[in-house]
Amino acid sequence: MIDAPSVLAPTGVIRQPAEVRCAAELAALIAHDRWPKPRGWRLSPRMVETFVLGSKESLPGPDGPVPIPAKFVGDRRLVQVAIATLASDRALMLAGQPGTAKSWLSEHLAAAISGSSGLVVQGTAGTTEEQVKYSWNYALLIAQGPSDAALVPSPVLRGMRDGAVVRIEELTRCAAEVQDALISVLSEQQIAIPELDTAVFARRGFAVIATANTRDRGVNEMSAALKRRFNFVTLPVLTDLVQETEIVARRSRELLHDLGVEPVVPRDLIALLATVFSELRRGETLDGAARVKTPTTVLSTAELISTVANGALLGGFFGDRPATVGDCVAGLVGTVAKENPADLDIFREYLATVAKPRKDGLWPAFYAAARDAVG
Ligand SMILES: Nc1ncnc2c1ncn2[C@@H]1O[C@H](COP(=O)(O)OP(=O)(O)O)[C@@H](O)[C@H]1O
Ligand SMILES: [Mg+2]
């Protein structure tokens, strides 16, 4: 009989927002918060830090101890600077390469500070000024003229009105007009609505977290005026293999759990894949003994997580329950080759010069599976 994984998470929701996923933790942190909170915040800065970076000790909860695992792995100071910025009158810019947890960190900061991470503007070339200010329900507008009922607030306007954290994803992809609109919003801390002869003023607790991909630089470079309204925090690419393996193991387990699939990827396999990603990314072997050509494509932690999760699905659905090297290699090759076919040649060279000579652990199996996959 085939032991097929069940694919429905208990709630039926594929991905829950941080405030739902971590509701018990947030409640315990609120209950045990002894420090002063900035006005409009649900937690003190110290407790926000504890939520983001985790704590060794569990907190007592109504149904037993509540563990507080780390959400973000990284420099404590950097997280403190981010949190302090949100309590100031400046906005926070999380910059970095793709897959460095910019969105992930901003979601968790918003959930901890405001209890909701859902006020999001997704920045694209098509983002309009209305999406950072307000628009209208045109049926109502035509029927009764401008009215509160006909006004459709943007996430930014709602954040101002409710005193909550607003997230603006990929700000540098927005056109200059949208960025300019944001300058006036941030500097005046209000949005004027001339049609109603009124303005919405930002309440305490309102703050903006924007993210920007440093690879996109040049798409729509931020103006100096807008930059001045932000504190920049740059999230580094992970360089510590043990840390990255740990994050990938945890996040892929959570992802699979959300999908209702038993997470079964052996730790040594995750460590091997993390080594491959890391060596291709940094352009040399981990021991520094040999140089490796670097593909043009991004090989981020986020992509490593998907490679591992997809491998586990393949193993779970079609193979032996624990994912094998072969299950994970298909995703790896797809990730390497996604942008540029020349990257496959670089990967072939890596296989021949670095992977093939390694005879320990899973390396021979990896070499054989990967060589078959790339042909
Ligand atoms: N330093 C880190 N700490 C915790 N998780 C990380 C870290 N770096 C990457 N990740 C994981 O990788 C993924 C990053 O995805 P995302 O936040 O969408 O990246 P970005 O927005 O920077 O492109 C998340 O699932 C996150 O858990
Ligand atoms: Mg992102």
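In what follows, the structure referred to is the one given above.
Scope of this entry: the structure provided in the associated data block. (Residues numbered from 1 in each chain as written. Chains lettered and ligands numbered in written order. Predicted model: local features only at pLDDT ≥ 70, side-chain atom pairs only at ≥ 80, totals over all residues. Heavy atoms only, no water.)

1. So, the overall build of the protein chain
The helix and strand inventory of the protein chain stands at 15 helices and eleven strands. Once the C-alpha set of the protein chain is aligned to its principal axes, its extents read approximately 75 × 50 × 45 Å. Across the 375 residues in the protein chain, those meeting the buried criterion constitute 47%. Of the roughly 17,900 Å² of accessible surface on the protein chain, 55% is carried by carbon and sulfur atoms. Between the averaged position of the 40 positive side-chain charges in the protein chain and that of its 42 negative side-chain charges there is a distance of 4 Å. (Helix = DSSP H or I, 4+ residues; strand = E, 2+ residues; numbered from the N terminus. Buried < 20%, exposed > 50% of the residue type's maximum accessible area, 1.4 Å probe, protein only. Areas by Shrake-Rupley, 256 points an atom, 1.4 Å probe, with all protein chains shown as cover. Lys, Arg positive; Asp, Glu negative; His and termini not counted. Charge placed at Lys NZ, Arg CZ, Asp CG, Glu CD.)

2. A word on the site of ligand 1
Near ligand 1 lie 17 residues; those nearest to it are Val-73, Gly-99, Lys-102, Ser-103 and Trp-104. In this structure, an oxygen atom belonging to ligand 1 sits 2.7 Å away from a side-chain N or O atom of Lys-102. In the model, an oxygen atom of ligand 1 is placed 3.0 Å from a nitrogen or oxygen of the Arg-251 side chain. Protein chains shield 86% of the accessible area of ligand 1, which is 570 Å² for the free molecule. Under a 2 Å grid-point criterion requiring more than half of the atoms, the pocket assigned to ligand 1 is the largest pocket. When contributions to the shell around ligand 1 are tallied by element, the ones reaching two or more residues are helix H5 (102–114), helix H10 (241–258) and helix H12 (301–318). For the shell around ligand 1, a count of residues per class yields nine nonpolar, five polar and three charged. Both domains that furnish three or more residues to the shell around ligand 1 are identified here as domain 1 (76–235) and domain 2 (241–374). (Near = heavy atom within 4 Å. Polar contact = N/O pair within 3.5 Å; in protein donor to acceptor, adjacent residues only side chain to side chain. 1 Å grid on protein atoms, 1.4 Å probe; cavity = no way out; pocket = protein on both sides within 12 Å on 5 of 7 lines; lining within 4 Å. Sits in = over half its atoms within 2 Å of the grid points. Nonpolar A, V, L, I, M, F, W, Y, C, P; charged D, E, K, R; others polar. Domains from an automatic or database assignment.)

3. Quick notes on empty space enclosed by the protein
All told, the structure shown has one cavity of 30 Å³ or more when counted by the stated rule. Estimated volume of the largest cavity: approximately 30 Å³. In terms of lining residues, the largest cavity is bounded by Arg-15, Arg-21, Arg-251, Glu-254, Leu-255 and Asp-258. For the lining of the largest cavity, the element with the most residues is H10, which contributes four residues. Split by residue class, the lining of the largest cavity holds one nonpolar, no polar and five charged. (Points joined across faces, edges and corners; volume = space filled by probe spheres on them.)

4. Remarks on the environment of Arg-321
In this fold, Arg-321 is placed in the loop between H12 and helix H13 (325–337). Along the primary structure Arg-321 and Val-264 are separated by 57 residues, whereas in three dimensions their C-alpha atoms are 6.8 Å apart.

5. Remarks on the sheet that holds strand E10 (residues 207–213)
Taken together, five strands build an open sheet; the order of strands is E4-E7-E10-E3-E11 and the sheet is parallel. Only two strands of the sheet have a single partner each, and these edge strands are strand E4 (120–122) and strand E11 (230–235). Looking at each pair of strands side by side, their axes are set apart by 20 degrees on average, direction ignored. Here strand E3 (residues 91–96) pairs with E11 via six bridges, running parallel. (Pairing = 2+ DSSP bridges. Axes fitted to C-alpha atoms, helices over the stretch in contact; angles between N-to-C directions.)

6. Observations concerning the side chain of Thr-127
Within the secondary structure layout, Thr-127 lies in the loop between E4 and strand E5 (134–136). Polar side-chain contacts of Thr-127 include one of 3.1 Å to the backbone oxygen of Gln-122. Of note is the side chain of Thr-127, whose polar atom sits 2.7 Å from the backbone nitrogen of Thr-124.

7. A look at the packing of helix H3 (residues 45–53) against helix H4 (residues 76–86)
Working note: a packed helix pair is described by the angle between its axes plus the distance between those axes. Where H3 contacts H4, the axes come no closer than 10 Å and their chain directions differ by 135 degrees. Comparing the axis directions of H3 and H4 gives the class oblique. For H3 against H4, the interelement crossing comes out right-handed. Judged by residue contacts, Pro-45, Val-48, Glu-49, Val-52 and Leu-53 of H3 engage Arg-76, Val-79, Gln-80 and Ile-83 from H4. In terms of residue class, the contact of H3 with H4 is built from six nonpolar, one polar and two charged. (Parallel < 35°, antiparallel > 145°, perpendicular 65-115°, else oblique. Left-handed = near helix turned anticlockwise from the far one by under 90°. Contact = heavy atoms within 4.5 Å.)

8. Thoughts on the nonpolar core
In terms of nonpolar packing, the biggest core is built from 40 residues, with Leu-273, Val-276, Leu-332, Phe-347, Tyr-350, Leu-351 and Phe-366 touching the most fellow members. Elements that contribute at least two residues to this core include exactly H10, helix H11 (267–282), H12, H13, helix H14 (342–355) and helix H15 (363–374). Broken down by element, the residue count for this core peaks at eight residues, all from H11. Once residues within four sequence positions are removed from consideration, Leu-273 is found in contact with Leu-304, Val-308, Cys-328 and Leu-332. Leu-171, Val-178, Val-200 and Met-222 belong to the second largest nonpolar core, which has 33 residues in total. (Core = buried A, V, L, I, M, F, W, Y, C linked by side-chain atoms within 4.5 Å.)

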